Amino acid sequence: GQPLSFRNVQSLGMEPQTTAGTIEGGKVTLVEEQYGAKKKGVYPFDPEIKFAWGQTLVQRERGLKPGTTFSVKTYEPSLRKDGPIEMAFKVHGQESVDVLGKELKLHRLTTSMRLESIPVAGGAPPDAVKPQTGGGLEINSDIWVDDDANPVIITVDLGFMQIKMYKTTKEDALKRGAPPEMFLDTLVHVKKKIGPEAKSAKLRLRMKKGVKAQLPTLPNTPAQTFERVNDREAVVTLRRLDWEKIRRVKEDAPDTSELRPYLAASTVCDAKDAKIKQLSRKAVRGKKTPAEKADALRKFVTDYITDKNMDVGFATASEVARQRSGDCSEHGVLLAALARAAGLPARGVSGIVEIPPGSLMAQGENAFGYHMWTEVYIGGEWVDIDAALRQTDCDATRIAVSLMPLGEEGLMSSVVSLIPLLGQLEIEVLDVER
């Protein structure tokens, strides 16, 4: 039951990304590969960590007697590379369960897994390392297992929806159609519109009645101020930045230990990739000031991604550079990588944005949707730029929920703060200054 090595294949984009790990001497050596390019890293590895087979062995050892409880440490490099994630198990008893039309007697277990906000290595600025999830996100699951503790059904509760997985054949799974469209189900409808011409806006954010989760602490940025009212409510002030001042900045950001992580290449934001460097040079050719470079890069990415679709989960920047396809996350990560290659510190931001005029607005509705964009560091402050929504001078309609260093901390650890808000949040526009 002790892990020696493992291999994960993630198809978040069009080109699969492979992560292989070798465990020896209390360390795990990770080799990540995509498009033939390999990236290697060595991280601490807790000897108590169990993968799926090891967890099954622990369940068999502890037995399936109702009331039995135990904890297991597991490992998932897409969530955290340098440490374990702890899962608590409880056995509830045997039940009759429908499994794809067949009635089976299975044992029900519940699990609880807490995803903490993981600090960024390399001395990142304080606003990037503060927990953005209100102490971490707890994910609860129900697992139905057979007499040998083999999982048959797993139900994962993400708050705004449940994911239910059945043990079946690959052929049967592929017959059951495409996954559901979740974007429209997570829109936050509001009575009052901010609009692109606003200089600033004040909004009240609160968790819906009956929702147990607390409102996460959102970051303070040059474009946003967060003021908590209580555990479930806060007031957020959004402001448009002074681009006349930003354009007067002549020098690139200094090379400091705080900014270095935002110039570094990583697996997802691979700024040293040959294609990324080529595109970055092309985009900023003839541009002198940081603002000129940022504007040129934003416009380049907006036009370069020609296949605008939501079919891609989260592709690396080098994949986007080759496929030229994706939604806001692909625009955001490519723009960040090109900016780093051009010498501009850059990071991602996940949050909520007022839906611009379009098909939804044609129905007479005002709403906010979940979104990702980019920030670059110019003149001592972080500046929002948005390739997906075609804005360099961004309007005051973006609510930043999580700052994404786009380093090696594990992609999902940067976006878990969005999950408690999906389908659970209310927004009220209190005031708009035009």
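Caption draft 1: Expanded view of the overall build of the chain. Within the chain, the secondary structure is distributed over 9 helices and 21 strands. Considering only contacts within the chain whose residues lie at least 6 apart along the sequence, 61% involve residues at least 24 apart. Split by element, the accessible area of the chain, about 20900 Å² in all, is 50% carbon and sulfur.

Caption draft 2: Layout of the pattern of salt bridges. In this structure the tally under the stated criterion is 20 salt bridges. A salt bridge links Lys73 to Asp46; its shortest N-O distance comes to 2.9 Å. Of this pair, Lys73 sits in strand β5 (residues 69-74) while Asp46 sits in the loop between β4 (37-44) and α1 (52-62); the two residues are 27 residues apart in sequence, bridging distant segments of the chain. Judged by its relative accessible area of 22%, Lys73 falls in the partly exposed class.

Caption draft 3: Here's a closer look at the nonpolar core. In terms of nonpolar packing, the biggest core is built from 42 residues, with Leu297, Val301, Leu334, Leu338, Val376 and Leu406 touching the most fellow members. Mapped by element, the contributors of at least two residues to this core are α4 (243-247), α5 (274-284), α6 (290-304), α7 (317-323), α8 (328-341), β18 (366-378) and β19 (381-385). The dominant element in this core, judged by the number of residues it contributes, is α8, at 8 residues. Not counting residues within four places of it along the chain, the set of residues in contact with Val301 comprises Lys308, His331, Leu334, Leu335, Leu338 and Ala387. Counting 27 residues, the second-largest nonpolar core is a separate cluster that includes Val188, Val211, Leu218 and Ala234.

Caption draft 4: Expanded view of the side chain of Asp384. Tracing the backbone through its elements, the reader meets Asp384 in strand β19. Buried and without a salt bridge, Asp384 has Arg398 as its closest oppositely charged side chain, separated by 6.1 Å. With residues near it in sequence (within four places) discarded, Asp384 still touches Ala223, Leu241, Trp373, Thr374, Glu375, Thr392 and Cys394.

Caption draft 5: The packing of aromatic side chains, seen in detail. Following the criterion strictly, the structure yields 9 aromatic pairs and no others. Note on Phe45 and Phe51: the rings are 6.5 Å apart at their centroids and 10° apart in plane angle, and the pair reads as stacked. Where Phe70 meets Phe89, the ring centres are 4.9 Å apart and the plane angle is 5°; that geometry is what we call stacked. Residue Phe70 is found in strand β5, and its partner Phe89 is found in strand β6 (residues 85-99); the two are separated by 19 residues along the sequence. With respect to class, Phe70 is no different from Phe89; both count as buried.

Caption draft 6: Examining the environment of Gln224 more closely. Note that Gln224 resides in strand β13 (residues 224-230). When sequence neighbours within four positions are dropped, the list of residues in contact with Gln224 reads Leu218, Pro219, Val236, Thr237, Leu238, Arg239, Arg398, Ile399 and Ala400. Side-chain polar atoms of Gln224 contact the backbone oxygen of Pro219, separated by 2.8 Å. From its side chain, Gln224 meets the backbone nitrogen of Ala400 in a polar contact 2.6 Å long.

Caption draft 7: Seen up close, unusual backbone geometry. Despite not being glycine, Leu100 shows a phi value in the positive range, around 50°. Within the element layout of this structure, Leu100 appears in the loop between β6 and β7 (102-115). The class for Leu100 is partly exposed, based on a relative accessible area of 35%.

Caption draft 8: Structural detail: α5. When α5 is considered as a whole, its buried residues turn out to be Ile276, Leu279, Ser280, Ala283 and Val284. With its buried residues spanning 115° around the axis, α5 presents them on a single face. Facing away from the buried side of α5 by more than 90 degrees, the exposed set consists of Ala274, Arg281 and Lys282. Where the residues of α5 are buried, they touch α6, α7 and α8.

Caption draft 9: Inspection of the packing of α5 against α8 at higher detail. Across the interface, α5 lies against α8 with an axial gap of 8 Å and an inter-helix angle of 75°. Judged by the angle between their axes, α5 and α8 are roughly perpendicular. Listed contacts from α8 to Ile276, Lys277, Leu279 and Ser280 of α5 are Leu334, Ala337, Leu338 and Ala341. In the contact of α5 with α8, the residues fall into 6 nonpolar, 1 polar and 1 charged.

Calculation rules
Residues numbered from 1 in each chain as written. Predicted model: local features only at pLDDT ≥ 70, side-chain atom pairs only at ≥ 80, totals over all residues. Heavy atoms only, no water. Helix = DSSP H or I, 4+ residues; strand = E, 2+ residues; numbered from the N terminus. Contact = heavy atoms within 4.5 Å. Areas by Shrake-Rupley, 256 points an atom, 1.4 Å probe, with all protein chains shown as cover. Salt bridge = Lys/Arg side-chain N within 4 Å of Asp/Glu carboxyl O. Buried < 20%, exposed > 50% of the residue type's maximum accessible area, 1.4 Å probe, protein only. Core = buried A, V, L, I, M, F, W, Y, C linked by side-chain atoms within 4.5 Å. Lys, Arg positive; Asp, Glu negative; His and termini not counted. Phe/Tyr/Trp six-rings, centres within 6.5 Å; stacked < 30°, edge-to-face > 60°. Polar contact = N/O pair within 3.5 Å; in protein donor to acceptor, adjacent residues only side chain to side chain. Arc of directions from axis to C-beta. Axes fitted to C-alpha atoms, helices over the stretch in contact; angles between N-to-C directions. Parallel < 35°, antiparallel > 145°, perpendicular 65-115°, else oblique. Nonpolar A, V, L, I, M, F, W, Y, C, P; charged D, E, K, R; others polar.

These figures come from the coordinates and say nothing about function on their own.
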